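Next come the chains, spelled out residue by residue.
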Amino acid sequence: MREIIYVSKNAVTTGNFKDLMQAGRMDIVCHAVIMTLFTSNKLRDNVKLHLFFYGRPDPPKHLELMPRIDEKFQISKKDIAGLIKRMLYKYKKERKKEVFPGCHVEKLSLVKFINSLKNRGVYVLDKNGDDIRNAEIQENPIFILGDHEGIPKEDLKIIKKTAKKVSLGKTTYFSSQAITILNNELDRREL
Ligand SMILES: C[S@@+](CC[C@H](N)C(=O)[O-])C[C@H]1O[C@@H](n2cnc3c(N)ncnc32)[C@H](O)[C@@H]1O
(Lines give C-alpha, C1' and ligand atoms only; values in the text may rest on other atoms or scores of the structure.)
Protein backbone atom coordinates (compact mmCIF):
# COMPACT_ATOMS: atom_id res chain seq x y z
CA MET A 1 0.00 0.00 0.00
CA ARG A 2 1.17 3.53 -0.73
CA GLU A 3 0.64 6.56 1.48
CA ILE A 4 0.49 10.14 0.30
CA ILE A 5 0.97 13.11 2.60
CA TYR A 6 -0.36 16.53 1.61
CA VAL A 7 0.72 19.40 3.80
CA SER A 8 -0.74 22.89 3.85
CA LYS A 9 0.44 25.83 5.93
CA ASN A 10 -2.86 27.72 5.60
CA ALA A 11 -5.66 25.14 5.28
CA VAL A 12 -8.01 25.96 8.15
CA THR A 13 -8.39 23.72 11.17
CA THR A 14 -12.10 24.30 11.76
CA GLY A 15 -15.08 22.85 9.92
CA ASN A 16 -16.72 26.26 10.07
CA PHE A 17 -15.92 27.47 6.54
CA LYS A 18 -18.02 28.31 3.52
CA ASP A 19 -15.73 29.59 0.80
CA LEU A 20 -13.17 26.92 -0.12
CA MET A 21 -10.59 29.42 -1.42
CA GLN A 22 -10.85 31.62 1.67
CA ALA A 23 -10.38 28.57 3.90
CA GLY A 24 -6.65 28.33 3.16
CA ARG A 25 -7.23 26.96 -0.37
CA MET A 26 -9.44 24.07 0.62
CA ASP A 27 -10.30 23.90 -3.10
CA ILE A 28 -6.76 22.60 -3.74
CA VAL A 29 -7.17 20.11 -0.89
CA CYS A 30 -10.37 18.78 -2.51
CA HIS A 31 -8.61 18.27 -5.85
CA ALA A 32 -5.76 16.49 -4.08
CA VAL A 33 -8.19 14.19 -2.25
CA ILE A 34 -10.01 13.27 -5.48
CA MET A 35 -6.81 12.59 -7.41
CA THR A 36 -5.41 10.51 -4.56
CA LEU A 37 -8.42 8.35 -3.79
CA PHE A 38 -10.41 8.00 -7.01
CA THR A 39 -9.91 6.55 -10.44
CA SER A 40 -12.51 6.91 -13.19
CA ASN A 41 -15.05 4.55 -11.75
CA LYS A 42 -13.85 3.50 -8.35
CA LEU A 43 -12.37 4.36 -5.02
CA ARG A 44 -8.78 3.16 -4.78
CA ASP A 45 -8.15 0.53 -2.13
CA ASN A 46 -4.35 0.78 -2.22
CA VAL A 47 -3.80 4.37 -1.03
CA LYS A 48 -3.95 6.07 2.34
CA LEU A 49 -4.02 9.87 2.31
CA HIS A 50 -2.76 12.05 5.14
CA LEU A 51 -3.68 15.74 5.25
CA PHE A 52 -1.70 17.98 7.59
CA PHE A 53 -3.29 21.42 8.11
CA TYR A 54 -1.54 24.30 9.86
CA GLY A 55 -4.09 27.10 9.38
CA ARG A 56 -6.21 28.89 12.00
CA PRO A 57 -7.60 28.43 14.62
CA ASP A 58 -6.18 25.24 16.16
CA PRO A 59 -3.23 23.78 14.26
CA PRO A 60 -1.93 21.23 13.61
CA LYS A 61 -4.58 18.79 12.43
CA HIS A 62 -3.97 15.40 10.86
CA LEU A 63 -6.76 13.96 8.76
CA GLU A 64 -6.20 10.38 7.69
CA LEU A 65 -8.32 9.05 4.85
CA MET A 66 -8.58 5.51 3.65
CA PRO A 67 -12.33 5.44 3.25
CA ARG A 68 -14.08 2.12 3.38
CA ILE A 69 -17.37 1.84 1.64
CA ASP A 70 -20.12 0.28 3.65
CA GLU A 71 -23.91 0.40 3.47
CA LYS A 72 -24.18 3.52 5.63
CA PHE A 73 -21.21 5.43 4.21
CA GLN A 74 -20.80 6.29 0.57
CA ILE A 75 -18.25 8.83 -0.56
CA SER A 76 -18.41 10.62 -3.88
CA LYS A 77 -16.27 13.24 -5.52
CA LYS A 78 -19.01 15.84 -4.93
CA ASP A 79 -18.90 15.32 -1.18
CA ILE A 80 -15.20 15.90 -0.50
CA ALA A 81 -15.49 19.42 0.98
CA GLY A 82 -18.36 18.18 3.17
CA LEU A 83 -16.31 15.20 4.30
CA ILE A 84 -13.37 17.43 5.33
CA LYS A 85 -15.67 19.88 7.13
CA ARG A 86 -17.32 17.04 9.02
CA MET A 87 -13.97 15.54 10.00
CA LEU A 88 -12.77 18.90 11.36
CA TYR A 89 -16.04 19.48 13.21
CA LYS A 90 -15.86 16.05 14.85
CA TYR A 91 -12.29 16.46 16.13
CA LYS A 92 -11.96 15.45 19.78
CA LYS A 93 -9.15 16.62 22.05
CA GLU A 94 -6.45 14.12 22.97
CA ARG A 95 -7.62 11.22 20.84
CA LYS A 96 -7.65 9.98 17.28
CA LYS A 97 -11.30 9.98 16.30
CA GLU A 98 -12.79 7.85 13.55
CA VAL A 99 -15.39 10.11 11.97
CA PHE A 100 -16.36 7.82 9.07
CA PRO A 101 -15.15 4.27 8.37
CA GLY A 102 -11.43 4.66 7.61
CA CYS A 103 -11.43 8.46 8.15
CA HIS A 104 -9.73 9.75 11.31
CA VAL A 105 -8.86 13.15 12.74
CA GLU A 106 -6.39 14.05 15.49
CA LYS A 107 -4.01 16.76 16.62
CA LEU A 108 -0.60 15.77 15.27
CA SER A 109 2.18 17.52 13.39
CA LEU A 110 3.81 16.19 10.26
CA VAL A 111 7.22 16.02 11.94
CA LYS A 112 5.86 13.92 14.84
CA PHE A 113 4.15 11.63 12.36
CA ILE A 114 7.33 11.18 10.30
CA ASN A 115 9.39 10.56 13.43
CA SER A 116 6.98 7.79 14.47
CA LEU A 117 7.60 5.79 11.29
CA LYS A 118 9.87 2.77 11.44
CA ASN A 119 11.63 1.17 8.47
CA ARG A 120 9.57 2.92 5.83
CA GLY A 121 10.71 4.45 2.55
CA VAL A 122 9.84 8.15 2.82
CA TYR A 123 10.09 10.37 -0.26
CA VAL A 124 9.59 14.10 -0.76
CA LEU A 125 8.19 15.22 -4.09
CA ASP A 126 10.62 17.90 -5.20
CA LYS A 127 11.31 19.14 -8.72
CA ASN A 128 15.03 19.07 -8.00
CA GLY A 129 15.18 15.52 -6.69
CA ASP A 130 16.20 12.33 -8.49
CA ASP A 131 14.00 11.40 -11.44
CA ILE A 132 11.29 9.09 -10.12
CA ARG A 133 11.58 6.95 -13.26
CA ASN A 134 15.04 5.83 -12.20
CA ALA A 135 14.55 5.97 -8.45
CA GLU A 136 14.44 2.89 -6.30
CA ILE A 137 11.14 2.96 -4.42
CA GLN A 138 10.62 0.66 -1.42
CA GLU A 139 7.48 -1.39 -0.84
CA ASN A 140 4.71 0.52 0.99
CA PRO A 141 6.23 3.91 0.21
CA ILE A 142 5.23 7.25 1.70
CA PHE A 143 5.33 10.43 -0.40
CA ILE A 144 5.11 14.00 0.87
CA LEU A 145 4.01 16.99 -1.17
CA GLY A 146 2.91 20.54 -0.55
CA ASP A 147 0.08 22.85 -1.58
CA HIS A 148 0.45 25.85 -3.93
CA GLU A 149 3.03 27.32 -1.52
CA GLY A 150 5.01 24.11 -1.24
CA ILE A 151 5.98 22.24 1.92
CA PRO A 152 6.47 24.62 4.91
CA LYS A 153 10.19 25.39 5.19
CA GLU A 154 10.51 24.45 8.87
CA ASP A 155 9.03 20.99 8.22
CA LEU A 156 11.01 20.49 5.03
CA LYS A 157 14.31 21.10 6.82
CA ILE A 158 13.58 18.26 9.25
CA ILE A 159 11.98 15.87 6.75
CA LYS A 160 14.90 16.14 4.35
CA LYS A 161 17.21 14.57 6.96
CA THR A 162 15.50 11.20 6.47
CA ALA A 163 13.48 11.42 3.25
CA LYS A 164 14.75 11.05 -0.29
CA LYS A 165 13.87 13.74 -2.85
CA VAL A 166 12.21 12.47 -6.02
CA SER A 167 11.23 14.51 -9.05
CA LEU A 168 8.44 14.17 -11.59
CA GLY A 169 10.38 16.23 -14.14
CA LYS A 170 11.24 19.88 -14.74
CA THR A 171 7.66 21.21 -14.92
CA THR A 172 6.06 22.51 -11.70
CA TYR A 173 2.69 20.78 -11.44
CA PHE A 174 -0.39 21.55 -9.40
CA SER A 175 -0.46 19.35 -6.30
CA SER A 176 -3.34 17.32 -7.76
CA GLN A 177 -1.44 16.84 -11.02
CA ALA A 178 1.66 15.73 -9.14
CA ILE A 179 -0.48 13.16 -7.30
CA THR A 180 -1.94 11.86 -10.56
CA ILE A 181 1.50 11.42 -12.10
CA LEU A 182 2.79 9.77 -8.93
CA ASN A 183 -0.16 7.38 -8.73
CA ASN A 184 0.36 6.44 -12.36
CA GLU A 185 4.05 5.71 -11.78
CA LEU A 186 3.23 3.56 -8.75
CA ASP A 187 0.36 1.78 -10.54
CA ARG A 188 2.77 0.81 -13.31
CA ARG A 189 5.22 -0.54 -10.73
CA GLU A 190 2.36 -2.23 -8.88
CA LEU A 191 3.48 -0.60 -5.62
C1 LIG B 1 2.13 23.70 -7.04
S2 LIG B 1 3.51 22.81 -6.40
C3 LIG B 1 4.19 24.00 -5.27
C4 LIG B 1 4.92 25.10 -5.90
C5 LIG B 1 5.60 25.96 -4.87
N6 LIG B 1 5.72 27.30 -5.37
C7 LIG B 1 6.99 25.38 -4.52
O8 LIG B 1 7.96 26.02 -4.93
O9 LIG B 1 7.11 24.35 -3.89
C10 LIG B 1 2.78 21.68 -5.28
C11 LIG B 1 3.61 20.50 -4.88
O12 LIG B 1 3.65 19.56 -5.95
C13 LIG B 1 4.88 18.88 -5.97
N14 LIG B 1 5.44 19.02 -7.32
C15 LIG B 1 5.01 19.85 -8.31
N16 LIG B 1 5.75 19.68 -9.41
C17 LIG B 1 6.67 18.70 -9.13
C18 LIG B 1 7.71 18.06 -9.86
N19 LIG B 1 7.99 18.39 -11.11
N20 LIG B 1 8.43 17.09 -9.24
C21 LIG B 1 8.15 16.73 -7.95
N22 LIG B 1 7.18 17.30 -7.22
C23 LIG B 1 6.45 18.28 -7.80
C24 LIG B 1 5.76 19.48 -4.88
O25 LIG B 1 5.79 18.64 -3.75
C26 LIG B 1 5.04 20.78 -4.54
O27 LIG B 1 5.16 21.11 -3.16
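See the structure shown above.
First things first, this report covers the structure right here in the doc. (Residues numbered from 1 in each chain as written. Predicted model: local features only at pLDDT ≥ 70, side-chain atom pairs only at ≥ 80, totals over all residues.)

1. Let's talk about the overall build of the protein chain
Of regular secondary structure, the protein chain possesses 5 helices and 8 strands. Along the chain direction, N to C, the helices and strands of the protein chain fall in the order β-α-β-β-α-β-β-α-β-β-α-β-α. Here the C-alpha atoms of the protein chain give a radius of gyration of 16 Å, agreeing with the 16 Å that 2.2 N^0.38 yields for 191 residues. Here the protein chain, with 191 residues, has 35% of them falling under the buried criterion. A separation of at least 24 residues holds for 67% of the contacts in the protein chain among residues at least 6 apart in sequence. (Helix = DSSP H or I, 4+ residues; strand = E, 2+ residues; numbered from the N terminus. Rg over C-alpha atoms; globule rule 2.2 N^0.38 Å. Buried ≥ 20, exposed ≤ 12 C-beta atoms within 10 Å, placed from the backbone. Contact = placed C-beta atoms within 7 Å.)

2. Remarks on the pairing of strand 1 (residues 2–8)
Within strand 1, 6 of the 7 residues are buried, leaving the element largely enclosed by the surrounding structure. In terms of strand pairing, strand 1 meets strand 2 (residues 47–53) through 7 bridges, oriented parallel. Residue pairing for strand 2: S8 is matched across the bridge by F53. Viewed along the sheet, the connection from strand 1 through helix 1 (residues 26–37) into strand 2 turns out right-handed. Across 5 bridges, strand 1 lies against strand 7 (residues 142–146) in parallel orientation. By the bridge assignment for strand 7, V7 is matched with G146. (Pairing = 2+ DSSP bridges. Right-handed = clockwise from strand over helix to strand, strands pointing away.)

3. A short note on the environment of E149
Turning to its location among the elements, E149 is positioned in the loop between strand 7 and helix 4 (153–159). Looking at E149, the number of C-beta atoms within 10 Å reads 14, which means it is partly exposed. Separated by 101 residues in sequence, E149 and K48 place their C-alpha atoms 23 Å apart.

4. Brief notes about the site of the ligand
Around the ligand, the surrounding shell holds 18 residues, and the nearest of these are L125, L145, G146, G150 and L168. Put simply, the parts of the chain that give the shell around the ligand at least two residues each are strand 6 (122–131), strand 7 and helix 5 (175–189). With 3 residues, the top contributor of residues to the shell around the ligand is strand 6. Split by residue class, the shell around the ligand holds 7 nonpolar, 8 polar and 3 charged. (Near = placed C-beta within 6 Å. Nonpolar A, V, L, I, M, F, W, Y, C, P; charged D, E, K, R; others polar.)

Take it as geometry only, folks, not as evidence of what the structure does.
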